[in-house]
Every structure is written in C-alpha cells, then in structure tokens.
Amino acid sequence: MRAPVRARSGRPAAHGLERWAGVIAVLVFLALWEILPRLGVVNEFFTSRPSLLAVAAVEVLASAQYWSDLALTMQEFAVGFGLAVVVAIPMGLLIGASPIARGIAMTPMMALYIAPSMILLPLLILWLGVGLASKIAVVFIASYFPIVINLLAGMDEIDGRLVRVGHVFGASRLQLFSTIHLPATMPHLLVGLRLAVGRGLLSVIAAEIFVSSAGIGYRIQMFGNSLRIDRLLVYALTVSIIGYTMSRVIGLLEERWGARSVS
Amino acid sequence: MTLRRSSWALGLVSFVGLLAIWQAAVSAGLIGAYYVSSPIAVGEAFVAMLREGTIQRHFTASAISFLIAFAIATSAGVALGMAAGMFRTVERTLDPFVWFLYSTPAIALYPLFVAWLGFGRPTSVATAVMFALTPIYANTLTGVKNVSPQLMRMAHSFGARPMDLFVRIALPASVPLIVGGMQLGVGRALAGVLVAELFGANAGLGFSIAYNAQYMRTTKMMVFILLVIVCGLVLTRAMAAVSAMSDRWRT
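This is a predicted model, so every value here is computed, not measured. (Residues numbered from 1 in each chain as written. Chains lettered and ligands numbered in written order. Predicted model: local features only at pLDDT ≥ 70, side-chain atom pairs only at ≥ 80, totals over all residues. Heavy atoms only, no water.)

1. So, the interface of chain B and chain A
Interface size, as often reported, equals the accessible area lost upon joining of the parts.
Right, on to step 1. Taken together, the contact pairs 54 residues of chain B with 53 residues of chain A.
Right, on to step 2. Between chain B and chain A, the buried area comes to about 4600 Å², and carbon and sulfur atoms account for 78% of it.
Right, on to step 3. At the junction of chain B and chain A, the tally comes to zero salt bridges.
Right, on to step 4. The interface formed by chain B and chain A holds six residue pairs in polar contact (both at pLDDT 80 or more) in total.
Right, on to step 5. The residue inventory of the side of chain B that touches chain A, partitioned by class, reads 39 nonpolar, 11 polar and four charged. (Contact = heavy atoms within 4.5 Å. Buried area = accessible area lost by both parts, 1.4 Å probe. Salt bridge = Lys/Arg side-chain N within 4 Å of Asp/Glu carboxyl O. Polar contact = N/O pair within 3.5 Å; in protein donor to acceptor, adjacent residues only side chain to side chain. Nonpolar A, V, L, I, M, F, W, Y, C, P; charged D, E, K, R; others polar.)

Printed below as a string of structure tokens:
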C-alpha cells in the first residue's frame, strides 16, 4: 500500500503546511461548523454545532440506554458475522475443491454477492419476524458471500505444481492444506473478511433503521425524526469508530498474513 | 474456450435447477407460497406489471437516481483524486475526511439526509454518492501516484507544461485504476439508491420491494428483488466490459 512513497522521493521533504494540512483542515471545518450556525448563515436546527455535540456526547455516554443499544447492535453483528465466517470458510474450501460444484454454485453466489443484501430485508422479515433473527440473517448474508467468493478466488491462484511436489514427497492432505492451501489463500480470505466486516456493519445499521425498537440504527433514525441532530451525530460517530476499529484489526491481520508483494 | 462454454452451461444448469427446485417445493407443499411465492406466479406477475407499465415506471425512477448519483460520485471522486495525487497538501487536507467516510457505513448518515432533504430523489442520490465516492477517490489517487516519476521528469525536461503533464501522462496512465474504482462504485451506488428507496421514497425498485412487503404481496416483492439482482449482474458485466476496453485503449 505504501509503494507510492517511492514515487515522491524526487520531491523535497514535507514542509510545514503539508505536514499539518490534515489537522488544519479539521480545525477549520470545526470552526466553521461552530461559527456559521451562530451567525445564522446556516440553520443550527439542521446542522447542530461541535459544542452542542460535545454536550450531547457527555449526556449520551452517561446514559445506560446508550450502552444497551451498543450491546444489542454488536450482538446482532457478532452473531451474524461469526456464523458467516464459520459457515463460509468450510463451504468455500469444499466448493473450491470441485470444479463442477464451483461451476454450479458460482452464478447464484455471484448474483447475491453483487446485489445489495439489504433488498432481502423485507423478505427476511416476512420469514423470521421483526426481531433479532432477521437482523442476524441479513448480517449473515451480507458477510457470507464476500468471504466465499474471495476464498474461491484465492484457491484459483494456488500453484498446481506446488501441490504435486508436496504430494510426491508424501505430504498428507492435512499437511498440504496447512502448508500450501492455507498460506496461499490467506491474503484473499483477509480481503473477503474486510469486505464482510464493512457490509455486515452496514447491514445491521440498515436493518435497525428499517425496523426495530432498539439499537444504534434505531436511535439514529429516532433522533433524525425528532431533529436531535446532536444526538444523531453521537450515535453516527459511534458507528464510525466501530467501523474504524474493525478495519484497523483487519489491517493488522493483513500485515501479518496478507499479500507480501504489492502488485 | 471450452472451459468458458462449460462454465456458462453449468451456470445455466444451476439457474434452471434453482427455479425447478423452487417451483417443486411450492407445488409439493413443502413451503407455503405465502413465504416464497413461486417462479410461475412471479413470471405471471412480471408480465402483468410490464403490461401496466409499473415495472418501467419504478425501473426508470431508480435508474435516474442511480445515473445522477454515479455521475456525481465519479466526477467528484476523479477530480478530488487527481488533485490529491498531484498536490500533497490537498491529499493531506482531505485525508481525515476520507478516513471518516471510509470507516462510516454511509447508511448511518441517511437519517441526516432525510432531515436535510426530505424523502425522495435528493436523499437517494445523496446516500448513493456517499456510498460510491470513496472507492473512486481512493483508486484515482493511487493511479495518479503510481504514474512513473521518470516519465513525468522526462516530459518536464522536454518542456511540457503542467497541463500537458496532466492531460497527456497522469490522466491516461491512471485510467485503469479509475475504471477499477468505478467498477467498485457501480455496485455501491446501486446499493445506496436501493437502500434509500427501501426506507422512504415514492417510486423506484427499492420502494416497490418495501411497499409490496408491507402488504404481504410476496409475489410482487419477489419480482422486484429478482429484477434488482439482474440489474446488479448486468451493471457489473457492463463495467467489466468498459474496463477491458479501457485497457485496450491505453496500449
């Protein structure tokens, strides 16, 4: 990912403005956000202000409701995502092992990988009701297909010669799997997991906005309806922090097991 | 060639097989038609709604929102990505905002858009732009940054002006990555439009799914769900074709 740095070696080192541009931009943004509503240029009712946001954050974080909403959303996400990982990995390995199975399964899987999984939400609600189950199901569907599809893409790239050599030298199936298949598919699997985390999180919030009586998505929707933009933003920022944290965790795994060569 | 043909054949087999299993399960009474409808009923409803013009109306509504959103996301993403790729200060300035957009599931901002723009097309478009912007921006940035610095220096020493550098080297060299970003963006823009329509709109494919679900019309809901899945496949195929074309054009 950092390969482009080389392309810049011909340029002088970052001077002051360049280095601090990000920080300055954020400060300017916050300042404008605070000042413009106060001057009446934009309606505070719709934009809130950073100072109001800070007050709202303290209030919200001190409430027990916030933590129970957070726990509920994370529970829905964790169960759906966990199930997807547990089912998708063996499924991908099984399908990938047989060209015919893959030929048959690929088209419907690809179709569901491409289609936004949220469109299945009304159907899942019809099947499973408006409670926890339909949310877990939509997270499962959103996370399952990226994992399987990327795993299959990874298995495609395994060098057949390596497998044969291993075979000739008497490696057992388990040894072949752990020394050749697993390391070769790991980077693709991690790409799949990264996509799955993003889509899963999106789905759980979307499902809660669509229909629910608690959870982060529900609260965002509720505060939007009652125009409590300050509280809405506290909950929306919570989602950002969760998303950021998860993508960092995957990033760490990628540093350890991801693609070593940057293409 | 034969491999391609056989994979097409297997795809067709699985498609026909799924329809057959679906119909058989409903006909045999294993699953209630209330829950899954049946391929024959879905086909009939599709033809009936096509005659009434319902399908065309909702398809057009979604397609217009999608095209507007995709055009905005692509032009903004490419313009910002180009600027950030050429000027480090711009990249650093945008960095925190891009990181925020990248880690926020854009749907969390949907209620904010509703508060600002009301229900309807502007909200659908805004949501879809938020969905599609980051991959297009990020790919354009990577594309411009990866332009060979030797090539740039050479052109510079032969007297090329900044505008020439941009139009003749940076832009063509980064086209494949930009198209790659657009490929990611297509799916995400589609998702954005449909989700926004699902939550609140008065027309569109997403709206039709939610609307028919409300009245427990499983068959009509299935028609629109399948239509969305087909649209997704067609759009992705089309973008893949564009990508292949842009590769050929570059060399």
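Next comes the rest of the write-up.
2. A closer look at the UniProt feature "transmembrane region" (unreviewed entry) in chain B
Right, on to step 1. UniProt annotation of "transmembrane region" (unreviewed entry) refers to residues 59–85, 97–119, 125–144, 165–184, 190–211 and 223–245 of chain B when read in the numbering used here.
Right, on to step 2. Secondary structure content for residues 190–211 of chain B is 77% helix and 0% strand, while the C-alpha to C-alpha distance between its ends is 19 Å. (UniProt positions renumbered as here; feature names shortened; annotations may be inferred. Helix = DSSP H or I, 4+ residues; strand = E, 2+ residues; numbered from the N terminus.)

3. Examining the packing of aromatic side chains
Right, on to step 1. Under the counting rule described, the total for this entry stands at 18 aromatic pairs over all chains.
Right, on to step 2. Seen in terms of ring centroids, B:Tyr110 and B:Phe199 are 5.1 Å apart; in terms of plane orientation they differ by 65°. Their pairing is edge-to-face. Of this pair, B:Tyr110 sits in helix α6 (residues 110–117) while B:Phe199 sits in helix α9 (residues 162–199), and the two are 89 residues apart along the sequence.
Right, on to step 3. Judged by relative accessible area, which is 16%, B:Phe199 ranks as buried.
Right, on to step 4. An aromatic cluster is built from A:Tyr66, A:Trp67, A:Phe223 and A:Tyr235, whose rings are joined through pairwise contacts. (Phe/Tyr/Trp six-rings, centres within 6.5 Å; stacked < 30°, edge-to-face > 60°. Buried < 20%, exposed > 50% of the residue type's maximum accessible area, 1.4 Å probe, protein only.)

4. Some details on empty space enclosed by the protein
Right, on to step 1. Tallied over the entire structure, the rule returns one cavity of 30 Å³ or more.
Right, on to step 2. Empty space within the largest cavity amounts to approximately 40 Å³.
Right, on to step 3. Lining the largest cavity we find A:Gln221, A:Gly224, A:Asn225, B:Tyr110, B:Pro111, B:Val114 and B:Phe119.
Right, on to step 4. Of all the secondary structure elements, the ones that give two or more residues to the lining of the largest cavity are α11 (216–225) of chain A together with α6 of chain B.
Right, on to step 5. Its residues assigned to classes, the lining of the largest cavity comprises four nonpolar, three polar and no charged. (1 Å grid on protein atoms, 1.4 Å probe; cavity = no way out; pocket = protein on both sides within 12 Å on 5 of 7 lines; lining within 4 Å. Points joined across faces, edges and corners; volume = space filled by probe spheres on them.)

5. Regarding the confidence of the model for chain A
Right, on to step 1. Residues at a pLDDT of 70 or more form 92% of chain A, whose mean pLDDT is 86.
Right, on to step 2. A low-confidence stretch, residues 1–11 of chain A (pLDDT under 50), is modelled with 12 contacts involving residues beyond four sequence positions or located in other chains. (pLDDT = per-residue confidence, 0-100.)

6. Re the side chain of A:Asp230
Residues and elements named next belong to chain A.
Right, on to step 1. With respect to the helices, strands and loops of the structure, aspartate 230 is situated in helix α12 (residues 229–257).
Right, on to step 2. One polar contact links aspartate 230 to arginine 228, side chain to side chain, over a distance of 3.2 Å.
Right, on to step 3. Apart from the residues lying within four places of it in its own chain, the contact partners of aspartate 230 are Ser48, Leu52, Leu53 and Ala56.

7. Some remarks on the nonpolar core
Right, on to step 1. Counting residues in hydrophobic clusters, the biggest one holds 122 residues, and the most contacted among them are A:Met109, A:Ile119, A:Ile220, B:Ile107, B:Phe199, B:Ile209 and B:Ile225.
Right, on to step 2. Sequence-distant contacts of B:Phe199, that is, excluding residues within four places in its chain, are made with A:Ala206, A:Ile209, A:Phe210, B:Ile107, B:Tyr110 and B:Phe119.
Right, on to step 3. Counting five residues, the second largest nonpolar core, distinct from the first, contains B:Val147, B:Ala155, B:Ala160 and B:Ile169. (Core = buried A, V, L, I, M, F, W, Y, C linked by side-chain atoms within 4.5 Å.)

8. Quick word on the environment of A:Met109
All names here are of chain A.
Right, on to step 1. Tracing the chain through its elements places methionine 109 in helix α6 (residues 99–114).
Right, on to step 2. Note on methionine 109: relative accessible area 7%, which makes it buried.
Right, on to step 3. When sequence neighbours within four positions are dropped, the list of residues in contact with methionine 109 reads Ile95, Phe145, Val148, Ile149 and Leu152.

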